[in-house]
Amino acid sequence: MIHIPFVGNPNTGKTALINAIAKSDLEVGNWPGVTIEKKEARFTYAGEKIALVDLPGAYTLSPYSLEEKITRNMLAEGKFEGIIDVIDTTNLRRNLYLTLELIDMQEPMVVALNMFDDFTKRGYELDTDKLQEILGISAIPTIASRGLGTQKLIDSAIATVKERTVPHIQPYQEHIEKEITFLMHAMPKTTLPPRLFAIHLLADDPYTLSLAKTLKQHDLIEKAVQARGRLEAHMQIPIKTIIAFLHMFNIHIESLSIAQKPNILQQKLKDQFILPLAAFSYLVFILLYIPCVSTMAAIKEELGMRWMLFETALLPFVAYGMSVLVYQLGSRFF
Ligand SMILES: Nc1nc2c(ncn2[C@@H]2O[C@H](COP(=O)(O)OP(=O)(O)OP(=O)(O)O)[C@@H](O)[C@H]2O)c(=O)[nH]1
Ligand SMILES: [Mg+2]
């Protein structure tokens, strides 16, 4: 059985993606925090038994909320073969914060660039090849609510699990990397990913610290205190702030270079066309709606007053229907 947890910020479409892939019926909602416990959807695909694990939304793996703790604990147990990181592409910068933490786990992983419809509707473009090159893993545009890109996503995830493709580390500054390596050398064998364990210890993450205490890793804790002291003396600010800041800084640079501003020319052409199209459909409405006096006179003459009134009442509906049809067909083709 291949276990694939879906990890991402709240309300990014994790459950909707699982439902689209596994044809399951897990609860989807329009507000953050709909999934509050771990759930699974099992299915067989290309002869493989697969469990898609639905997890509560999380902004970080240093948990604050109960939901984030559930997600972090599941990942810390290590009972999975690969991760699908679900990103709301319209909020790339904020979502990439968690992605960078997941990268530090160094497990097979694929990124789902979900809400891609809303992203392109806003006129944005994304160089997915460049993003894949930076991250070293597949990043697949998806629209979960319409089931688009889901086949490619699950195919990539299975291939990634089989080939054990792990993402490229996005390194911190050299002196921070030196301390991370220092702590990784002193690390016991646990299910926790060593790089993330070291970074969290360095950043004084309470969960990791209590785990290290439970594992009686007093020497490791002492080394983390020393490493933190060295870095803070060097940089003159708390290490927690440094790590959060560097994460933000990395994301800032990357997202600016990969998510481009709307194509102004294309947008202008679109605007130029949409306005005439609206005017044309309005014209269709007016032409069909305004009753032609001679036609009305002829109807009255041939069929009587009632038919003439009926025709006058019917015309607005016909006119409205035709103008909507013209507008919809026009905007579909241009
Ligand atoms: N436009 C658009 N809407 C989407 C897409 N994917 C999901 N949604 C909608 O986004 C909302 C949130 O979807 P969920 O699947 O509940 O999101 P989630 O990540 O599981 O949320 P939590 O469980 O609260 O963390 C729902 O209204 C979905 O219909 C997408 O690709 N495009
Ligand atoms: Mg959910």
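Let me begin by describing the structure that accompanies this report. Predicted model, so just to flag it, every value in this text is computed and none were measured. Along each chain, residues carry numbers from 1 onward, in the same order as the chain's sequence is written. Throughout, the order in which chains and ligands are written sets their labels, letters from A for the former and numbers from 1 for the latter. This being a predicted model, a pLDDT of at least 70 is required before a residue's local features are given, and a value of 80 or more before pairs of side-chain atoms are given or counted; all residues contribute to the totals for chains, interfaces and linings.

Some thoughts on the overall build of the protein chain
Right, so step 1: A run of H or I in DSSP becomes a helix once it reaches four residues, and a run of E becomes a strand once it reaches two; helices and strands are each numbered from the N terminus. Helix and strand counts for the protein chain come out as 14 helices and eight strands.
Right, so step 2: Looking at the 334 residues of the protein chain, the share that counts as buried comes to 34%.
Right, so step 3: Look at the contacts in the protein chain between residues 6 or more apart in sequence, and 69% of them connect residues 24 or more apart. The exposure label follows from counting other C-beta atoms within 10 Å of a residue's C-beta, where the C-beta atoms are placed from the backbone and the thresholds are 20 or more for buried and 12 or fewer for exposed, leaving partly exposed in between. With C-beta atoms placed from the backbone, a contact is any residue pair whose C-beta atoms sit within 7 Å.

Structural notes on helix α7 (residues 174-185)
Right, so step 1: A helix's residues, less one, multiplied by 1.5 Å, set its expected span. Taking 1.5 Å as the rise per residue, α7 with twelve residues should run 16 Å; its terminal C-alpha atoms sit 17 Å apart, in good agreement.
Right, so step 2: Buried residues along α7 sit against α8 (194-202) and α10 (218-235).

What about the nonpolar core?
Right, so step 1: As used throughout, a nonpolar core is a set of buried Ala, Val, Leu, Ile, Met, Phe, Trp, Tyr and Cys residues joined through C-beta atoms within 7 Å of each other. Counting residues in hydrophobic clusters, the biggest one holds 63 residues, and the most contacted among them are F6, L17, I84, V110, A112 and L202.
Right, so step 2: Domain start and stop points were drawn from an automatic or database domain assignment. The two domains that each donate at least three residues to this core are domain 1 (2-169) and domain 2 (174-259).

Describing the site of ligand 1
Right, so step 1: Using a C-beta atom placed from the backbone, a residue is scored as near a molecule or strand whenever that atom is within 6 Å of it. Near ligand 1, the surroundings consist of 24 residues, among which G13, T15, A16, T35 and G57 are the closest.
Right, so step 2: Every element with two or more residues in the shell around ligand 1 is listed here: α1 (14-22) and α4 (116-121).
Right, so step 3: Of the residues that constitute the shell around ligand 1, the class distribution is nine nonpolar, twelve polar and three charged. Residue polarity is assigned by list, with Asp, Glu, Lys and Arg as charged and Ala, Val, Leu, Ile, Met, Phe, Trp, Tyr, Cys and Pro as nonpolar; anything else, Gly included, falls into the polar class.

Remarks on the packing of α8 against helix α9 (residues 206-214)
Right, so step 1: Working convention: axes come from line fits to C-alpha atoms, limited for helices to the stretch in contact. Angles between N-to-C directions cover 0 to 180 degrees. Two elements in contact, α8 and α9, have axes whose closest approach is 8 Å; the angle formed by their N-to-C orientations is 105°. Classed by the angle they form, the pair α8 and α9 counts as roughly perpendicular. When α8 is examined against α9, the residues F197, H200 and L201 are found in contact with a partner set consisting of T208, L209 and A212.
Right, so step 2: Partitioned by chemical class, the residues of the contact of α8 with α9 number four nonpolar, two polar and no charged. Throughout this description, any angle smaller than 35 degrees is read as roughly parallel, any larger than 145 degrees as roughly antiparallel, any in the 65 to 115 degree range as roughly perpendicular, and the remainder as oblique.

Regarding the pairing of strand β1 (residues 2-8)
Right, so step 1: Counting buried positions along β1 gives five out of seven residues, so the element sits mostly inside the fold.
Right, so step 2: Strand pairing requires that DSSP identify at least two bridges connecting the strands. In terms of strand pairing, β1 meets strand β4 (residues 83-88) through three bridges, oriented parallel. Across the sheet, the residue bridging to G8 is V86, located in β4.

Some points on the environment of L61
Right, so step 1: Turning to its location among the elements, L61 is positioned in the loop between β3 (48-54) and α2 (66-77).
Right, so step 2: Look at L61 and you get buried, because 23 C-beta atoms sit within 10 Å.
Right, so step 3: Sequence-distant contacts of L61, defined by excluding residues within four places in its chain, comprise R72, L75, E101 and L196.

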